[in-house]
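Inside the fold
Spelled out from the first residue to the last, the chains are:
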Amino acid sequence: MADWKVAFDSFRSTNRIIHGWGKIAGDGLFPSRVDLEIYDGEALVTKTTPAIINGNKETNTKTNEMAFIIYSTCSSHHKNTRYFLNLVWFNNKSIRVEIPPPQQINKRHFLFGHLDHPWKHYINRGWRLIHQGQWSLFFRKLINMGRAAFNSGLTPKKLLQWASRGYKNCALIVDHDLGGGANIYRTRITDEYRANGASPIILTAHHGLISYQLIGKRNRRYRFAHTRDLNEVFSELSKTDVNEVIFNNILSFPYPLTVIETLSNWLKANPKIKLTFLLHDFYCICPSWLLLNNNRSYCDIPKIDKCSTCIATNPAPFLSLAENLDITNWRKTWSSLLIQANEIRCFSNSSRNLLIKAHPNLDHSVITVIPHLPLSKLRPIHLFDSGCPVVCVIGHISEHKGSKIVQALAHYAYSNNYKLRIIVVGTIDIQLPPEIAVVNGPYEQIDLPEILERYQVNIGLFPSICPETFSFVTTEMMEMKLPIASFGLGAQGEKITGYTRGEIIPFQTPESVLESINNLYEQYIKTKKLP
């Protein structure tokens with residue numbers, strides 16, 4: 001097999017937590033899986049953690065490089081501990097590459113926390129932008145990096161004093177920093193709080209520093225504090241005029257049950273503080289927050305004994321950051337927080353039903369369903385008939401968003417000479433046959449109608465294999481009046497069932513997907529009978 005090399009931009013460890021990212025490069029097809037393996041001594045594998053391949057970083061097909069991100073834990077590290085990346089292909093062939101041990105980050109308090117930033121990555125990224133001639137992006141990144149370094153280094157106490165000065169009250173927003181719909185929602189609610197004279201303070205996880213991060217804002221200036229001591233954060237919050245906690249999301253936080261227990265105990269000690277819990281995913285139900293089982297299929301929340309068997313071999317990302325994978329204890333710990341909520345806000349009825357199925361003892365009266373507002377209003381597009389279905393898939397299409405469904409459809413249509421074109425408006429973490437598929441790349445949401453018309457798209461496919469809690473993309477395709485095919489899961493299935501131009505795909509096979517696409521094409525495009 002061809003030689004493959006590994007290059008880390010950052011690979012660091014502290015408090016038994018390991019985080020890193022980089023690229024693998026070689027000739028031929030990309031591996032389908034990348035695992036971090038930790039060996040205690042020469043032979044015994046003590047830890048295997050699947051990496052997230054591609055993630056939000058680009059894959060460079062010209063130089064055959066693929067990005068990866070690692071989140072893991074290690075019970076101990078000593079001179080005999082060895083680290084490997086195991087690259088695995090669909091045919092089960094594999095290459096094991098030994099890598100240097102992670103850099104141990106200083107455990108001192110972050111008085112000068114910017115010294116612990118992964119500067120090697122920043123410099124390499126800057127050099128790549130210069131080499132590519134992307135000067136405007138380079139200067140923007142440089143300015144943002146300078147601001148972050150200048151405004152970080154505060155203690156949690158100093159940050160909270162600075163952020164709360166002059167405000168009547170504060171709101172704590174607990175959220176990850178991975179991007180996506182949850183972070184978009186966070187931006188909206190922080191703007192609302194500031195408009196109403198309150199100071200929102202964000203508690204998140206900073207993966208580069210492997211620490212907790214507090215973010216405050218006064219006028220137009222942001223400031224940051226970092227600590228690895230969660231008790232310090234809540235001790236200082238008790239001295240701040242916090243009257244509400246917005247629990248947005250903690251996916252990717254190290255030791256999530258410790259976070260939940262600490263927050264729950266703090267709220268019990270401060271019963272006047274209001275808690276609003278936002279159901280952006282199903283992490284409060286299962287560490288596999290997408291409800292995909294160890295076979296990467298939707299589980300529909302089975303009986304506990306089946307959950308226990310599944311979670312032991314489930315390859316879901318971030319599982320290794322959880323300190324206890326006993327599903328009974330997992331739900332019991334989350335329940336201790338949920339029962340204190342003044343409101344549990346869901347964004348679809350299907351999400352509400354799944355929450356109640358896993359946590360039947362919750363007070364149903366506090367569980368609300370308030371759909372998201374659209375990001376922006378999109379106009380209906382002109383639907384072309386190019387003589388065949390021209391199918392668009394929108395967004396970053398990872399495994400749970402249906403990348404393998406799209407790939408299987410493309411190969412099936414191509415190998416059987418079906419007239420079909422697939423347009424990925426966004427990115428996809430898997431390779432598609434270029435004879436039938438085009439990957440447009442990143443896009444601005446407001447430009448979607450023009451992009452779809454440029455490619456003469458006439459059918460929308462939402463291939464997600466997990467239940468969505470809302471599905472902005474389905475809403476956007478409905479606004480553009482596209483005929484849409486989707487599986488009958490979650491919020492997407494709920495929307496498509498009530499949509500006059502929608503069709504539920506009965507099975508997750510390329511034949512079934514193609515049949516649903518053809519049904520929509522024959523009914524609405526070829527006959528031009530559009531309701």
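Our subject is the structure that appears above.
Definitions and cut-offs
Residues numbered from 1 in each chain as written. Predicted model: local features only at pLDDT ≥ 70, side-chain atom pairs only at ≥ 80, totals over all residues. Heavy atoms only, no water. Pairing = 2+ DSSP bridges. Helix = DSSP H or I, 4+ residues; strand = E, 2+ residues; numbered from the N terminus. Axes fitted to C-alpha atoms, helices over the stretch in contact; angles between N-to-C directions. Contact = heavy atoms within 4.5 Å. Parallel < 35°, antiparallel > 145°, perpendicular 65-115°, else oblique. Left-handed = near helix turned anticlockwise from the far one by under 90°. Nonpolar A, V, L, I, M, F, W, Y, C, P; charged D, E, K, R; others polar. Expected span 1.5 Å × (residues − 1). Buried < 20%, exposed > 50% of the residue type's maximum accessible area, 1.4 Å probe, protein only. Right-handed = clockwise from strand over helix to strand, strands pointing away. Phe/Tyr/Trp six-rings, centres within 6.5 Å; stacked < 30°, edge-to-face > 60°. Lys NZ or Arg CZ within 6 Å of the ring centre and 35° of its normal.

1. Some points on the sheet that holds strand 10 (residues 170-174)
Within the open sheet, the eight strands sit side by side as 13-12-11-10-14-15-16-17. Their pairing is mixed. Two strands lie at the open edges of the sheet, namely strand 13 (221-227) and strand 17 (367-369), each paired on one side alone. Shown here is a sheet whose adjacent strand axes are inclined to one another by a mean of 20 degrees, direction ignored. Strand direction decides the pairing type here: strand 10 and strand 14 (residues 242-247), joined by five bridges, are parallel. Each bridged residue has a counterpart across the sheet, and for Ile 173 the counterpart in strand 14 is Ile 246. Across the sheet, helix 5 (residues 230-237) touches strand 10, strand 11 (199-206), strand 12 (211-218), strand 13 and strand 14, and the angle it forms with strand 11 is around 175 degrees.

2. Observations regarding the environment of Gly 166
Note on placement: Gly 166 falls in the loop between helix 3 (156-164) and strand 10. The spatial distance from the C-alpha of Gly 166 to the C-alpha of Arg 218 is 9.6 Å, given a sequence separation of 52 residues.

3. Describing the sheet that holds strand 23 (residues 502-505)
Each strand in a sheet pairs with another by means of backbone hydrogen bonds, the pair being arranged parallel or else antiparallel. The sheet built from six strands is open, its strands ordered 20-19-18-21-22-23 with parallel pairing. The sheet is open, and its two edges are formed by strand 20 (437-439) and strand 23, each paired on a single side. Taking each pair of neighbouring strands and ignoring which way they run, the sheet shows an average axis angle of 25 degrees. Both strand 19 (residues 421-428) and strand 20 contribute to a ladder of three bridges, which runs parallel. Residue Val 424 lies in a different strand from strand 20, and its bridge partner there is Val 439. Along the sheet, helix 12 (residues 472-479) makes contact with strand 18 (390-397), strand 21 (459-462) and strand 22 (484-487), crossing strand 21 at roughly 170 degrees. Each of strand 18, strand 21, strand 22 and strand 23 touches helix 14 (residues 510-526); the most contacted strand, strand 23, lies at about 165 degrees to it.

4. Section: the packing of helix 5 against helix 6 (residues 256-269)
Running from N to C, helix 5 and helix 6 cross one another at 20 degrees; their axes reach a closest spacing of 11 Å. Classified by the angle between their axes, helix 5 and helix 6 sit roughly parallel to one another. Here helix 5 and helix 6 pass one another in a crossing that is right-handed. On helix 6, the residues that touch Leu 230, Asn 231, Phe 234 and Leu 237 of helix 5 are Thr 258, Val 259, Thr 262, Leu 263 and Trp 266. Among the residues forming the contact of helix 5 with helix 6, the class breakdown is six nonpolar, three polar and no charged.

5. A closer look at helix 8 (residues 327-338)
Taking 1.5 Å of rise per residue, the 12 residues of helix 8 would be expected to cover 16 Å, and the 16 Å separating its terminal C-alpha atoms lies within 8% of that figure. Of the residues making up helix 8, those classed as buried are Ile 327, Trp 330, Arg 331, Thr 333, Trp 334, Ser 336, Leu 337 and Leu 338. Lining the buried residues of helix 8 we find strand 14, helix 6, strand 15 (274-278), helix 7 (304-311), strand 16 (343-346) and helix 9 (349-358).

6. Some words on the pairing of strand 15
Of all the five residues making up strand 15, four are buried; the element is thus mostly covered by neighbouring parts of the structure. Relative to strand 15, strand 14 runs parallel, the two sharing four bridges. Residue pairing in the sheet places Phe 247 in a bridge with Phe 277 of strand 15. Regarding the hand of the β-α-β motif, the stretch spanning strand 14, helix 6 and strand 15 is right-handed. With three bridges joining them, strand 15 and strand 16 adopt parallel strand pairing. What sits directly across from Phe 277, in strand 16, is Ile 344.

7. What about the packing of aromatic side chains?
Considering all chains together, one arrives at 19 aromatic pairs under this definition. Ring pairs connect the aromatic residues Phe 247, Phe 277, Tyr 283, Trp 330 and Trp 334, which therefore count as one cluster. Its end group placed over the ring of Trp 162, Arg 223 keeps NZ or CZ at 5.7 Å from the ring centre. Sitting over the ring of Phe 470, Lys 495 keeps its end group 4.0 Å from the ring centre.

8. Regarding the pairing of strand 13
Most of strand 13 sits inside the fold, with five of its seven residues counted as buried. Both strand 12 and strand 13 contribute to a ladder of seven bridges, which runs antiparallel. Within strand 13, the residue paired with Gly 216 across the bridge is Arg 223. Linking strand 12 back to strand 13 in an antiparallel pair, the connection comprises two residues, with Asn 219 at a positive phi of about 55 degrees.

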